[in-house]
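Chains, contacts and geometry: an overview
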Amino acid sequence: MMDRGNQRAFKEIQVEIRDAIAYVTIQRPEVMNALTRVTKKELLYFFQSANDSEDYRVIILTGGGDRAFCAGTDLKDMANFSSIDAEQMLWLEHYLNDSIRHCRKPVIAAVNGNALGGGCLIPLICDYSIVADSAKLGFPEINAGLPASIEIAIVHSFVGLAKARELIYFGELFTPQEALDMGLINRVVPKQDVLATAKKVAEKFMTKSPTALRLQKELVNKWIETDFVSAVETSIYAAGLAFTTGEPQAAITKFLSRTKKNKP
């Protein structure tokens, strides 16, 4: 399908723009939406291009079909890899993950089915994640003779080192409720409500200042990626930058006016 914002036809993903929301669907349901090099390159292109698009303000990422959100990398792609091939594939996946995390627009993961390996990581790096109550999640790479790698390195910051070790050493699957209890995701809803809930969250994002959201995303990434002192310094700079838009001043004036009216 052709994406009006990026003017490109995709083979393994589908992009639809409705009501200022870009719905991005991984379209490989016959293999649980496992990611090939083509899928990763198409998603990478979309997320890199999204920063400059004015056709939408929020992105919802989901999986095609009824079975899965994303089963991670397609193992058929890797069956005859050399170590160099594997490194190149992982670098590509890293660039994709990085483009999602640093996208200037909010990205919502609408996890409509199983999310495994790299597919389980995606909801963690999105800005908000909604997961079907029937889904299964996990990092089973070790069961395929592989270490869990790249951005899975952030899992310990969510659950602590001991729990992260348990999740990746044994590769056992866990439920959405367990993921919610561990702080890995935001919401668990019935499967039929995943996209509708994602749309409501997208609409909530759209009530916020685009500039403030972009700056806040940059700060959250700094908090994850840098030391405390650097994160504080960046926060101060970003807050000052926000005031160059006039949006905070207007919002503060509106808030003060409302507060004054509500005084007894």
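None of the values given here were measured: they were computed from a predicted structure.

Let's talk about the overall build of the chain
- A count of helical and extended segments in the chain gives ten helices and nine strands.
- For 264 residues, the compact-globule formula gives about 18 Å, and the C-alpha radius of gyration of the chain, at 19 Å, lands near that figure.
- If one aligns the C-alpha atoms of the chain with their principal axes, the spans along those axes are about 70 × 45 × 35 Å.
- For the chain, the proportion of its 264 residues judged to be buried stands at 44%.
- Expressed as a percentage of contacts within the chain between residues at least 6 apart in sequence, the contacts between residues at least 24 apart total 69%.
- Across the chain, the centroid of the 31 positively charged side chains sits 8 Å from that of the 31 negatively charged ones.

Some details on the pattern of salt bridges
- Here the structure, examined in full by the defined rule, presents ten salt bridges.
- Within the structure, one salt-bridge network assembled from shared partners comprises Glu12, Arg28 and Asp74.

Remarks on a nonpolar patch on the surface
- On the surface, a cluster of nonpolar side chains totalling about 290 Å² of accessible area is made up of Val220, Trp223 and Ile224.
- Inspection of the secondary structure puts Ile224 in helix 8 (residues 210–225).

Here we look at helix 2 (residues 83–101)
- The terminal C-alpha atoms of helix 2 lie 27 Å apart, and with 19 residues this matches the ideal 27 Å at 1.5 Å per residue to within 8%.
- Met89, Leu92, Glu93, Leu96, Asn97, Ser99, Ile100 and Arg101 are the residues of helix 2 that are buried.
- At its buried positions, helix 2 is contacted by helix 1 (37–50), strand 3 (58–63), strand 5 (107–111), helix 3 (118–125) and helix 8.

Some points on unusual backbone geometry
- One non-glycine residue, Ala20, lies in positive phi territory at about 65°.
- Following the sequence through the fold, Ala20 ends up in the loop between strand 1 (13–18) and strand 2 (21–26).
- Note on Ala20: relative accessible area 27%, which makes it partly exposed.
- Of note, Asn33 is a non-glycine position whose phi angle comes to about 60°, a positive value.
- Checked against the element boundaries, Asn33 lands in the loop between strand 2 and helix 1.

Comments concerning the side chain of Ser99
- Inspection of the secondary structure assignment puts Ser99 in helix 2.
- Overall, the relative accessible area of 10% leaves Ser99 in the buried class.
- Engagement of the side chain of Ser99 in a polar contact is seen with the backbone oxygen of Leu96, the distance being 2.6 Å.
- If we ignore the near neighbours within four places in the chain, the residues touching Ser99 are Leu44, Phe47 and Gln48.

Quick word on the packing of helix 2 against helix 3
- In the contact formed by helix 2 and helix 3, the axes pass within 9 Å of each other and the chain directions differ by 25°. Accordingly, the angle class assigned to the pair helix 2 and helix 3 is roughly parallel. Where helix 2 crosses over helix 3, the handedness of that crossing is right-handed. In contact with Glu93, Asn97, Ile100 and Arg101 of helix 2, helix 3 contributes Gly118, Leu121 and Ile125.
- The residue makeup of the contact of helix 2 with helix 3, split by class, is three nonpolar, two polar and two charged.

Here's the deal with the sheet that holds strand 9 (residues 187–189)
- Strand order in the open sheet formed by six strands is 1-2-3-5-7-9, with mixed pairing between adjacent strands. The outermost strands of the open sheet, each flanked by one partner alone, are strand 1 and strand 9. Neighbour to neighbour, the strand axes of the sheet diverge by 20° on average, direction disregarded.
- Relative to strand 7 (residues 128–132), strand 5 is paired through four bridges, and the arrangement is parallel. Considered in strand 7, the bridge of Ile108 is made with Tyr128.

A short note on the packing of aromatic side chains
- For the structure shown, the criterion picks out five aromatic pairs.
- Relative to Phe174, the ring of Phe139 lies with its centre 6.4 Å away and its plane at 50°, an arrangement referred to as tilted. Here Phe139 is found in the loop between strand 8 (137–138) and helix 4 (155–159), whereas its partner Phe174 is found in the loop between helix 5 (161–170) and helix 6 (176–181), with 35 residues between them in sequence.
- Each residue in the set Phe46, Phe47 and Tyr56 is aromatic and connected to the rest through ring pairs, giving one cluster.

A few points about the nonpolar core
- In this structure, Leu43, Phe46, Phe47, Ile59, Leu61, Phe139 and Phe174 are the most contacted members of the largest nonpolar core, which totals 47 residues.
- Dropping the residues within four chain positions of it, Ile59 is found in contact with Ala22, Val24, Phe46, Phe47, Ala50, Cys103, Lys105, Pro106, Val107 and Ile108.
- Counting residues in each nonpolar core, the second largest holds 16 residues, with Tyr23, Tyr128, Val189 and Leu213 among its members.

Reading the values: rules and limits
Residues numbered from 1 in each chain as written. Predicted model: local features only at pLDDT ≥ 70, side-chain atom pairs only at ≥ 80, totals over all residues. Heavy atoms only, no water. Helix = DSSP H or I, 4+ residues; strand = E, 2+ residues; numbered from the N terminus. Rg over C-alpha atoms; globule rule 2.2 N^0.38 Å. Buried < 20%, exposed > 50% of the residue type's maximum accessible area, 1.4 Å probe, protein only. Contact = heavy atoms within 4.5 Å. Lys, Arg positive; Asp, Glu negative; His and termini not counted. Charge placed at Lys NZ, Arg CZ, Asp CG, Glu CD. Salt bridge = Lys/Arg side-chain N within 4 Å of Asp/Glu carboxyl O. Patch = residues over 30% accessible without salt bridge, like charges linked within 9 Å, V, L, I, M, F, W, Y side chains within 5 Å. Areas by Shrake-Rupley, 256 points an atom, 1.4 Å probe, with all protein chains shown as cover. Expected span 1.5 Å × (residues − 1). Polar contact = N/O pair within 3.5 Å; in protein donor to acceptor, adjacent residues only side chain to side chain. Axes fitted to C-alpha atoms, helices over the stretch in contact; angles between N-to-C directions. Parallel < 35°, antiparallel > 145°, perpendicular 65-115°, else oblique. Left-handed = near helix turned anticlockwise from the far one by under 90°. Nonpolar A, V, L, I, M, F, W, Y, C, P; charged D, E, K, R; others polar. Pairing = 2+ DSSP bridges. Phe/Tyr/Trp six-rings, centres within 6.5 Å; stacked < 30°, edge-to-face > 60°. Core = buried A, V, L, I, M, F, W, Y, C linked by side-chain atoms within 4.5 Å.

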